[in-house]
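# An overview of the molecular structure
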Amino acid sequence: DEAFLEKVTSLSLHSKRIDKVAHLHLCAQLRVLFLYNNLLTSMENINAARNLTHLYLENNRIERMSSLNGLRSLVKLSLDGNRISYVEGLEGCFSLQELHLNNQRLPANEPLRFDIASLDAISESLLVLTVCNTKMQEVAAL
């Protein structure tokens with residue numbers, strides 16, 4: 001029922017074989033979303049949950065960081081174990097303190113790279129960045 005969904009602050013949908021996210025706009029108070037160990041290939045519609053503070057998307061099939069615009073309250077973003085080669089789309093995430101990108105499943109010679117505008121946007125707030133096992137070659141921008 002919609003009245004119940006409006007009050008939900010934490011939603012655990014991990015390991016449910018989910019391949020698409022929809023209807024998060026119904027969860028107006030949602031702060032924490034667990035979607036790890038699913039079949040997601042994109043982050044489409046995530047930004048419908050405007051009040052998210054913690055987002056867990058580990059071990060999916062996500063290749064591109066998108067739909068993060070508008071998540072101004074996001075504090076923690078965990079994307080370990082996906083297929084992301086280019087970190088982007090963080091320009092509106094001014095509160096982001098933790099970004100986890102470990103163990104990206106990329107082709108053998110493809111390193112993890114960062115968009116400069118995204119780094120600039122989170123430079124004042126970011127406290128923790130983890131990029132283990134990502135074949136990252138250049139750290140000058142960091």
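For the structure itself, consult the block above.
Structure report, in brief. All figures in this text were calculated on a predicted structure; none of them were measured in a lab. (Residues numbered from 1 in each chain as written. Predicted model: local features only at pLDDT ≥ 70, side-chain atom pairs only at ≥ 80, totals over all residues. Heavy atoms only, no water.)

### Digging into the environment of F94
Basically, it comes down to this: Strands are runs of DSSP state E lasting at least two residues, helices are runs of H or I lasting at least four, and both sets are numbered from the N terminus onward. Any two residues having at least one pair of non-hydrogen atoms within 4.5 Å are treated as being in contact.
Considering the arrangement of structural elements, one finds F94 in the loop between strand 5 (86-87) and strand 6 (98-100). Along the backbone, F94 and I122 are 28 residues apart, and their C-alpha atoms lie at a distance of 5.6 Å. Once you skip the residues sitting within four places of it in the chain, F94 turns out to touch R72, A121 and S125.

### A look at the nonpolar core
Inclusion rule: Side-chain atoms within 4.5 Å link the members of a nonpolar core, which is a set of buried Ala, Val, Leu, Ile, Met, Phe, Trp, Tyr and Cys residues. Exposure categories follow from relative accessible area, calculated using a 1.4 Å probe and restricted to protein chains: below 20% of the type maximum is buried, above 50% is exposed, and the middle band is partly exposed.
Of all hydrophobic cores here, the largest spans 33 residues; its most connected members are I46, L68, L77 and L90. The contact partners of L77, leaving out residues within four places of it in the chain, are L55, M65, L68, L90, L96, E98, L99 and H100.

### Quick notes on unusual backbone geometry
With a phi angle near 65°, H23 is a residue other than glycine that sits in the positive phi range. Of note, H23 is situated in the loop between strand 1 (10-12) and strand 2 (32-34). Positive phi is not limited to glycine here, since N133 has a value of about 55°. Structurally, N133 is set in the segment after strand 8 (128-130). Given the relative accessible area of 59%, N133 is considered exposed.

### Comments concerning the environment of H14
Formally: We call two N or O atoms a polar contact when they sit within 3.5 Å, provided that within protein one can donate a hydrogen and the other can accept it, with sequence-adjacent residues counted only if both atoms are side-chain atoms.
Position of H14 relative to the elements: it lies in the loop between strand 1 and strand 2. The exposure class assigned to H14 is partly exposed, which follows from its relative accessible area of 28%. At 3.4 Å, the side chain of H14 and the side chain of S12 are in polar contact.

### Details of the side chain of N82
Along the chain, the position of N82 falls in the loop between strand 4 (76-78) and strand 5. Within the structure, N82 has its side chain in polar contact with the backbone nitrogen of R61 (distance 3.4 Å). Within the structure, the side chain of N82 is placed 3.4 Å from the backbone oxygen of D80, a separation counted as a polar contact. With residues near it in sequence (within four places) discarded, N82 still touches L57, E58, N59, N60, R61, I62, N103, Q104 and R105.

### Let's talk about the sheet that holds strand 4
Quick reminder of the rule: If DSSP finds at least two bridges between two strands, the strands pair. Note on definitions: angles span 0 to 180 degrees between N-to-C directions of axes, and those axes are lines fitted to C-alpha atoms, for helices only across the stretch in contact.
Within the open sheet, the six strands sit side by side as 1-2-3-4-6-8. Their pairing is parallel. Two strands in the sheet have a free side with no partner beyond their single neighbour: strand 1 and strand 8. The mean angle between the axes of side-by-side strands here comes to 0°, regardless of whether they run parallel or antiparallel. Pairing geometry for strand 6 and strand 8, over three bridges, is parallel. In the strand pairing of strand 8, H100 is matched with T130.

### A short note on a positive patch on the surface
Convention followed: Patch definition: residues with relative accessible area over 30% and no salt bridge; like charges joined within 9 Å; nonpolar side chains (Val, Leu, Ile, Met, Phe, Trp, Tyr) joined within 5 Å. Here the Shrake-Rupley method, with its probe set to 1.4 Å, supplies the accessible areas, and only the displayed protein chains count as covering residues. Only one rule defines a salt bridge in this text: a Lys or Arg side-chain nitrogen within 4 Å of an Asp or Glu carboxyl oxygen. In this tally Asp and Glu are treated as negative and Lys and Arg as positive; neither His nor the chain ends contributes. Lys charges are placed at NZ, Arg charges at CZ, Asp charges at CG and Glu charges at CD.
On the surface, a cluster of positive charge is made up of R17, R61, R83 and R105. With respect to the element layout, R61 can be found in the loop between strand 3 (54-56) and strand 4.

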